[in-house]
Amino acid sequence: MPAILLEIACGGLDDVLAAVRAGADRLELCSALELGGLTPSLGAALEVRGVTSTPFVAMVRPRAGDFAYSPAELRVMERDANLLLEAGASGIAFGCLTAEGSVDAESCRRVVRCAGASETVFHRAFDEVGDQLHALDLLVDLGVTRVLTSGGAKTALEGARRLRALVERAGGRIEILPAGGIREHNVEAVVRQTGCEQVHLSRR
């Protein structure tokens, strides 16, 4: 199997230290992993940058629940994105949907604008979108760097066929990052069946 980039989701500094020891190539920093990840504290981001040079993407998700955000919540997300990038994050992970469950293009555009030249990741809110191929094209147009997804299935392995279709649709325009139930015993199967060159797993 070719070399695969390993991203590990971390819920705090102890998780980060363990992930770095395990050889993570990239980290996703968040709080409340049990809720699917929320925005980490600014202090956590500063501490991570102080203890490792491993790049980390910071989650920007102001609350649990759905991904349709009010104007006030979106303003908080923009402010959090700016502060986390200033604190050393190499990018931000976010996901904005409409009440109907499609990608909220205008809200996403505002968050991507905050990131500037930094990486942007549309997180697993993508798995709640019905027409993922169309949504992928929209995220390409918005300038999003990568999409974190299980292909709409419970696990990446179950969604492998859709993930491969997304990789083919992406055509190198945007990265596809498989997530969901990836472990040491099945990572080779996920990579082989999806054609992806990176995987995401959690310290949970």
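Each remark here, short or long, concerns the structure printed above.
As a convention, each chain's residues are numbered from 1 in the sequence order in which they are written. Only residues with pLDDT of at least 70 get local features here, since the model is predicted, and only at 80 or more are side-chain atom pairs given and counted; chain-wide, interface and lining totals rely on the full set of residues. Think of the side-chain values as coming from all heavy atoms in the structure, minus any hydrogens and water.

(A) Highlighting the environment of Leu13. Every helix listed is a DSSP run of H or I at least four residues long, and every strand listed is a run of E at least two residues long, numbered separately from the N terminus. Tracing the sequence through the fold places Leu13 in helix H1 (residues 13–21). As a C-alpha pair, Leu13 and Ala45 span 32 residues in sequence and 8.8 Å in three-dimensional space. Contacts: residue pairs with any heavy atoms within 4.5 Å of one another. When near neighbours in sequence (up to four residues on either side) are disregarded, Leu13 contacts Glu47, Val48 and Val51.

(B) Summary view of the nonpolar core. In this description, a nonpolar core means a group of buried Ala, Val, Leu, Ile, Met, Phe, Trp, Tyr and Cys residues linked to one another through side-chain atoms lying within 4.5 Å. Relative accessibility under 20% of the residue-type maximum defines a buried residue, over 50% an exposed one, and the middle range a partly exposed one, all with a 1.4 Å probe and only protein chains included. Core analysis: the largest hydrophobic core is formed by 53 residues, its most contacted members being Phe94, Phe122 and Leu139. Among all residues touching Leu139, those that are not within four sequence positions of it are Val103, Phe122, Phe126, Val144, Val147 and Ile174.

(C) The arrangement of helix H7 (residues 187–194) in detail. All of the buried residues in H7 are Val187, Ala189, Val190, Val191 and Thr194. Of the surrounding secondary structure, the elements contacted by the buried residues of H7 are helix H6 (160–170), strand S7 (175–178) and strand S8 (198–202). A positive backbone phi angle near 80 degrees is found at Gly195, which sits one or two residues after H7.

(D) Representation of the layout of surface pockets within the structure. Cavity means a closed set of points on a 1 Å grid over the protein atoms alone, one where a 1.4 Å probe fits but cannot get out, pocket means an open set with protein on both sides within 12 Å along at least 5 of 7 lines, and lining means a residue has an atom within 4 Å of a point. Grid points are joined across faces, edges and corners, and a volume is the space filled by probe spheres set on the points. If you add up the space inside the second largest pocket, you get close to 190 Å³. Lining the second largest pocket are Leu5, Val167, Ala170, Gly172, Ile174, Glu175, Ile176, Gly195, Cys196, Glu197 and Gln198. When residues of the lining of the second largest pocket are traced back to their parent elements, those giving at least two are H6 and S7.

(E) Fine view of unusual backbone geometry. Here the phi dihedral of Ala32 falls at roughly 50 degrees; this positive angle occurs in a residue that is not glycine. Along the chain, Ala32 turns up in the loop between strand S2 (26–29) and helix H2 (42–51).

(F) Geometry of the pairing of S2. The two faces of S2 match: Arg26 and Glu28 on one face and Leu27 and Leu29 on the other face are all buried. Each pair of strands is called paired provided DSSP finds at least two bridges between the two strands. By the bridge criterion, four bridges tie strand S1 (residues 5–10) to S2 in an arrangement that is parallel. Bridge pairing in S2 links Cys10 to Leu29. With H1 bridging S1 and its parallel neighbour S2, the resulting β-α-β unit is right-handed. As judged from the three bridges shared by S2 and strand S3 (residues 56–59), these two strands associate in the parallel manner. Bridge assignment links Glu28 to a residue of S3, and that residue is Val57. Assessed by its sense of winding, the connection that carries the chain from S2 through H2 to S3 is right-handed. Whether a crossover is right-handed comes down to one check: with the strands pointing away from the viewer, does the path from the first strand over the helix to the second run clockwise; if it does, it is right-handed.

(G) Spotlight on the side chain of Glu28. Mapped onto the elements, Glu28 comes out in strand S2. With near-sequence residues (within four places) excluded, Glu28 lies in contact with Glu7, Ile8, Ala9, Cys10, Val57, Met59, Ala93, Leu148 and His200.

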